[in-house]
Amino acid sequence: MAIKNVTVAGGGVLGSQIALQSAYCGLNVTVWGRTGASLERAKVRLERYAKTYEDVLEATKADPSVRARGLSDEGAAPEELDALKAKVAPALAGIRLTTNLAEAVADADLVIEAVIESKDQKTDFYNMLAPLLPEKTLVVTNSSYLLPSLFAEDTGRPEKFMALHFANDIYRGNTAEAMNHPGTSQETYDAVVAFAESIRMIPICLHKEQFGYLLNSLLLPWFGAAENLWADDVADPQTIDKVWCLALDAPRGPFRILDTVSLPTIYAVLQSNPDAHNPEHVKYRLAQKLKEKIDRGETGLLAGKGFYDYTDDAE
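Residues numbered from 1 in each chain as written. Predicted model: local features only at pLDDT ≥ 70, side-chain atom pairs only at ≥ 80, totals over all residues. Heavy atoms only, no water.

Before we move on, could you go through the packing of helix H7 (residues 215-231) against helix H8 (residues 237-248) and cite the residues and values that matter?
With their axes 9 Å apart at the nearest point, H7 and H8 run at an angle of 135° to one another. When the axes of H7 and H8 are compared, the pair comes out oblique. In the packing of H7 onto H8, the handedness of the crossing is right-handed. Mapping the contact onto sequence places Trp 222, Ala 226, Leu 229 and Trp 230 in H7 and Pro 237, Ile 240 and Trp 244 in H8. Of the residues contributing to the contact of H7 with H8, the split by class is seven nonpolar, no polar and no charged. (Axes fitted to C-alpha atoms, helices over the stretch in contact; angles between N-to-C directions. Helix = DSSP H or I, 4+ residues; strand = E, 2+ residues; numbered from the N terminus. Parallel < 35°, antiparallel > 145°, perpendicular 65-115°, else oblique. Left-handed = near helix turned anticlockwise from the far one by under 90°. Contact = heavy atoms within 4.5 Å. Nonpolar A, V, L, I, M, F, W, Y, C, P; charged D, E, K, R; others polar.)

Okay, structure coming up:
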């Protein structure tokens, strides 16, 4: 099955990136949001990522080491990069935004669920989605941690459902983790992997379900160690990042990456941990500190402030 019409449910940090990347690669893209306000926020994100695409492609002409794998091939000539840069604005303009779910999925070949990382909210979404889907439509979840088997029956088409998890900055870290559940058909799996390749992703094919997939299974202990140090007031986020970057010659530490992930996503994942509800546990203190920052509007990179201040493009 060739996938041409893609609907992304949720225009958050990753949803907006998936939508723009799919449009950049020539697909017809619709973004569904629950409210007009959520779509306005998605529009701002899409515009910001489009500017990043143009800037990276322009910079690649002067310095090929800047190249992002999701945007251009190695060794692309300046005129090829100019042609790719010229694709960005039309791709952005062609993305359709709507709050009408029935309209959003009416001709979808693929629906990519990118709603908040909450089992209950994802289940509610699938129950709403299932009766609206055309027979042909495949569905994937972009969940960072939750397993596809948790939602397979709620989709109404378990054989046409699986997970496809993207990393942040998908134009640069262009991996797509393909994870089925026991009821996923081989035809669905093959079509989703082919879709990932069609939008310049490198498919990472898992052999079985795994909480956290591959990337987040590796990152979660690292994030957790950093978060615990902050929650217990051992050091501030900037100092924790500093020691990591200096000792390992790394470009970014855990808290700067967490700003990209977004604090609401971190908080939502944390709420599924029983320790986050135990006042005696460090995870409880972590949850309280995260909630305080979120309530102040310090939700991460796209908000202009999270663990770091990004106003006026400050680093």
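Please give an account of unusual backbone geometry that cites residues and values.
The phi dihedral of Asp 169 is positive, around 55°, even though this residue is not glycine. One non-glycine residue, Tyr 213, adopts positive backbone phi at about 55°. Summarising the element assignment, Tyr 213 is placed in the loop between strand E8 (202-205) and H7.

I'd like a rundown of the pairing of strand E7 (residues 175-179), residues and numbers included.
With four of its five residues buried, E7 lies for the most part within the structure. Sheet topology note: the strand E6 (residues 161-166)/E7 ladder contains four bridges and is antiparallel. Bridged to Ala 163 within E7 is Met 179. Note: E7 against E8, four bridges, orientation parallel. Opposite Glu 177, over in E8, you have Ile 204 as the bridge partner. (Buried < 20%, exposed > 50% of the residue type's maximum accessible area, 1.4 Å probe, protein only. Pairing = 2+ DSSP bridges.)

For the nonpolar core, give the residues involved together with the corresponding values.
In globular proteins that are soluble, nonpolar side chains generally tend to be buried together. Judged by nonpolar contacts, the single largest core of 47 residues is most densely connected at Leu 71, Leu 164, Phe 166 and Phe 195. When residues no more than four places from it in sequence are discounted, the contact partners of Leu 164 are Val 140, Thr 141, Asn 142, Ala 176, Glu 177, Ala 178, Val 192, Phe 195 and Ala 196. (Core = buried A, V, L, I, M, F, W, Y, C linked by side-chain atoms within 4.5 Å.)

Go over the side chain of Asp 241 with me, naming the residues and quoting the values.
If you trace the backbone, Asp 241 turns up in helix H8. Notably, Asp 241 is buried but unbridged: the nearest opposite-charge side chain belongs to Arg 256, and the N-O separation is 5.3 Å. Not counting residues up to four positions away in its chain, the partners in contact with Asp 241 are Gly 253, Pro 254, Phe 255, Arg 256 and Tyr 308. (Lys, Arg positive; Asp, Glu negative; His and termini not counted. Salt bridge = Lys/Arg side-chain N within 4 Å of Asp/Glu carboxyl O.)

Outline the state of the cysteines, supporting the account with residue identities and numerical values.
For the structure on display, the rule yields zero disulfides. Left without a disulfide partner, Cys 25 is nearest to the cysteine sulfur of Cys 205, which lies 18 Å away. (Disulfide = S-S within 2.5 Å.)

Break down the pattern of salt bridges for me, with residues and values.
Inspection of the entire model under this criterion finds 17 salt bridges. Between Lys 122 and Glu 117 there is a salt bridge, with the nearest N and O atoms lying 3.7 Å from each other. With respect to burial, Lys 122 and Glu 117 carry one shared label: buried. Overlapping salt bridges, with partners in common, bring together Glu 58, Lys 61, Asp 82 and Lys 85 in one network.

Account for the sheet that holds E6, naming residues and giving values.
What the eight strands build is an open sheet, ordered E3-E2-E1-E4-E5-E6-E7-E8; its pairing is mixed. If you trace the sheet from one side to the other, it starts and ends with strand E3 (96-98) and E8, each paired once. When strand polarity is set aside, the average angle formed by the axes of neighbouring strands in this sheet is 25°. Packed onto the sheet, helix H1 (residues 13-24) meets strand E1 (5-9), strand E2 (28-32), strand E4 (110-113) and E6 and runs at close to 165° relative to E2.

Function cannot be read off these values alone, since they describe shape.
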